[in-house]
Amino acid sequence: MADVAIDIAYIAKLARLPLTDEESARFSAQFGRLFDFIRELQALDVESVHATAQVIPLSNVMRDDEIKPCLTQEQALANAPDREGPYFKAPRILE
Amino acid sequence: MMETGHAIREAVAAKRRSAEAVTRSALEAIERMEPSLKAYITLLPERALAKAREIDARIARGDRVGSLAGIPTAVKDIFCLEGELTTCGSKLLANFKPPFSSTVVQRLEAADAVIVGKTNMDEFAMGSSCENSAFFPTHNPWDLEGVPGGSSGGSASTVGSRAVPIGVGTDTGGSIREPASFCNIVGVKPTYGRVSRYGMIAFASSLDQAGPMTADVRDAADVLEAIAGFDPMDSTSVDVPVPHYADQLRDDLSGVRIGLVREFEESIATDPAMARLYKEAYADLAALGATIVDVSLPHAKYGLATYYLIAPAECSSNLARYDGTRYGVRLDGGGDVYSMFDKTRAAGFGPEVKRRIILGTYALCSGYYDAYYVRAQKVRTLMKQDFDQAFAACDVIACPAVSCPPFELGAKSQDPVAMYLMDYFTIPMSLAGLPALSVPAGYVDDLPVGLQICAPAFEEGRMLGVAHAYERRTQHAAKREPVVS
């Protein structure tokens with residue numbers, strides 16, 4: 001397992017979650033303590049163990065491709081912070 | 001005095017009381033206690049009274065009413081309720097009114113429960129004290145300086161105060177069981193897949209599960225029966241028949257093998273007062289006729305580490321949707337979309353949510369994925385196997401729900417690891433997807449403590465049966481009154 005020197009600025013960028021300097025410093029210190037626990041996992045031999053992503057005996061749940069009642073356009077847009085006609089409105093993405 | 005939901009339902013159906021009168025009295029009790037408890041983010045008096053009057057009209061006409069008819073019910077603010085504010089305890093959703101209701105809410109209303117309000121919670125269900133609510137902390141009805149537990153702290157507080165007999169919460173690593181223990185009520189985390197997650201705002205999708213938080217075990221059985229079952233809207237809900245749980249409530253435990261977990265007993269032994277309480281609880285189970293056996297969960301001690309990789313990883317993915325585009329609060333990015341995302345998220349999320357998004361993003365990022373996330377998923381497999389082995393030797397497991405009685409507001413809020421350790425006894429069951437509940441087990445320093453009972457997958461009835469026999473014998477919650485009333 002890797003050593004813990006989290007590049008918080010880089011991770012924050014990946015998460016699209018800018019942090020203040022104070023937040024970064026505080027989280028770094030707190031992660032240090034948490035990783036004292038997390039490092040214990042390193043002691044386990046899990047080479048031949050399969051990974052559990054979820055616990056229920058289901059896979060590839062399928063259903064017929066049928067049109068059923070759903071939200072109206074107005075309902076779906078009711079919480080939009082900004083809209084234009086039938087669209088969600090956001091700042092320009094492509095120049 | 002403690003009034004149960006099933007007693008109310010019976011009185012309402014027999015026309016001894018009107019649903020409207022019951023609702024008015026619950027709303028008055030809430031209004032009286034709310035200044036000291038602050039259990040609700042949104043109160044819904046008009047909606048509740050309209051529902052109650054509708055139930056009364058149907059009873060007057062001789063029509064059938066649902067299994068929860070007329071029972072005042074508190075709903076955690078994580079469940080979408082059509083047209084009503086649903087904040088999930090976050091500033092980011094401070095203006096969100098969902099255009100649909102969650103399956104849990106739909107089923108509660110179909111059973112004629114009377115929803116009186118949306119309860120406070122740790123933001124996005126991340127926390128063990130309700131102090132991470134973006135709005136205000138909730139207080140414990142058994143100690144106003146104490147936390148109600150979390151994340152389902154508002155539902156626990158209002159049910160613990162006896163203002164309403166039933167509520168619903170969600171449990172990802174202990175968020176129903178720990179507050180149930182702190183507020184002297186029954187709290188049930190069902191098997192993963194037992195209750196639909198549709199319309200329940202996601203935190204960690206492989207762990208989140210909704211469940212009852214109630215005055216007694218019978219109420220928990222009735223609420224679980226009402227909300228459980230397959231839902232085509234949730235592809236992780238499992239199509240297993242829902243039994244009539246009330247039929248499985250027992251009065252004695254002859255023939256039941258109850259496993260005590262060696263590792264948990266060693267851990268709780270470090271606190272003599274807590275150890276004494278649980279020793280007495282196990283003696284009560286034995287006195288009811290149960291056979292006590294020794295079992296081992298050798299990987300339970302890795303629960304915290306495993307959970308704090310998997311849950312934040314899933315949270316970082318689930319919470320990516322909050323970017324100010326389609327719903328919730330948006331902060332202006334001066335015409336730049338990425339600046340809009342950044343500002344919205346930086347201002348909208350509180351410290352605990354940010355901490356977990358960063359941790360989860362780290363656990364999932366390229367280069368660390370195998371070392372952290374995949375390794376944690378493998379340890380999850382080992383924990384599940386531990387339980388499989390334990391249940392070869394016993395029918396249910398009995399163990400502590402918590403390591404301490406409710407702590408004071410502010411006592412752990414600056415120390416996330418101390419807060420995370422609150423979930424030590426509840427996380428293993430969550431990772432294994434197993435049903436577990438907390439039932440009142442007495443008092444340490446005059447504060448409530450719960451006993452946890454855990455069963456194999458989809459054996460909620462067995463677990464409720466054991467809890468019922470224990471509750472009937474001990475009556476711990478009914479013996480005392482909360483300090484707020």
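The written sequence of each chain sets the order in which its residues are numbered from 1. Note on labels: chains are lettered from A, ligands numbered from 1, in written order. Local features in this predicted model are restricted to residues whose pLDDT is 70 or higher, and side-chain atom pairs enter the listing and the counts only when it is 80 or higher, whereas totals over whole chains, interfaces and linings include all residues. Values shown for side chains rest on all heavy atoms present in the structure; no hydrogens or waters enter the calculation.

A. Seen up close, the packing of helix 10 (residues 303-318) of chain B against helix 13 (residues 370-393) of chain B. Residues and elements named next belong to chain B. The axes are straight lines fitted to the C-alpha atoms, using for helices just the contacting stretch, and the angles between their N-to-C directions are given from 0 to 180°. Only DSSP runs of H or I covering at least 4 residues are called helices, and only runs of E covering at least 2 are called strands; the numbering of each starts at the N terminus. At a minimum axis separation of 9 Å, helix 10 and helix 13 run at an interaxial angle of 125°. Considering their axes alone, helix 10 and helix 13 lie oblique with respect to each other. Like other packed secondary-structure pairs, helix 10 and helix 13 cross with a definite hand, here left-handed. Listed contacts from helix 13 to Gly303, Thr306, Leu309, Ile310, Ala313 and Glu314 of helix 10 are Tyr372, Tyr373, Ala376, Gln377, Val379, Arg380 and Met383. Partitioning the contact of helix 10 with helix 13 into residue classes produces eight nonpolar, three polar and two charged. For this classification, under 35 degrees means roughly parallel, over 145 means roughly antiparallel, 65 to 115 means roughly perpendicular, and everything else is oblique. Handedness of a crossing is defined here by the sense of rotation of the near helix relative to the far one, left-handed for an anticlockwise turn of less than a right angle and right-handed for a clockwise turn. Contacts are assigned to residue pairs with any non-hydrogen atoms lying within 4.5 Å of each other. Residue type decides the class: Asp, Glu, Lys and Arg count as charged, Ala, Val, Leu, Ile, Met, Phe, Trp, Tyr, Cys and Pro as nonpolar, and the leftover types, Gly among them, as polar.

B. Examining the domain arrangement of chain B more closely. All names here are of chain B. Domain annotation of chain B identifies domain 1 (5-256 + 394-479) and domain 2 (301-370). Every contact between the two is made by 28 residues of domain 1 and, on the other side, 26 residues of domain 2. As used here, buried area is the combined drop in accessible area, with a 1.4 Å probe, of two parts when they are placed together. Of the roughly 2400 Å² buried between domain 1 and domain 2 on both sides combined, carbon and sulfur atoms contribute 68%. In terms of surface lost to domain 2, no three residues of domain 1 exceed Leu92, Met126 and Tyr420, which account for 30% of the buried area on that side. Any carboxyl oxygen of Asp or Glu within 4 Å of a side-chain nitrogen of Lys or Arg constitutes a salt bridge here. The interface formed by domain 1 and domain 2 contains zero salt bridges. Polar contact is defined as a pair of N or O atoms within 3.5 Å, subject to the rule that within protein one atom must be able to donate a hydrogen and the other to accept it, and that residues adjacent in sequence are counted only when both atoms are side-chain atoms. Viewed at the interface, domain 2 and domain 1 are joined by nine residue pairs in polar contact (both at pLDDT 80 or more). Start and end positions for the domains come from either an automated domain assignment or a database one.

C. Structural context of the sheet that holds strand 10 (residues 436-444) of chain B. Residue and element names in this part refer to chain B. Strands qualify as paired when DSSP identifies two bridges or more between them. Spatial strand order, 1-3-2-4-6-5-10-11-9-7-8: eleven strands in an open sheet with mixed pairing. At either margin of the open sheet sits one strand with a lone partner, and together these are strand 1 (40-43) and strand 8 (291-295). Neighbour to neighbour, the strand axes of the sheet diverge by 30° on average, direction disregarded. Judged from the five bridges that link them, strand 7 (residues 257-261) and strand 8 form a sheet pairing that is parallel. Bridge pairing in strand 8 links Leu260 to Asp294. Where helix 13 meets the sheet, its contacts fall on strand 7, strand 8, strand 9 (396-400) and strand 11 (447-454), and the angle it forms with strand 9 comes to roughly 115°.

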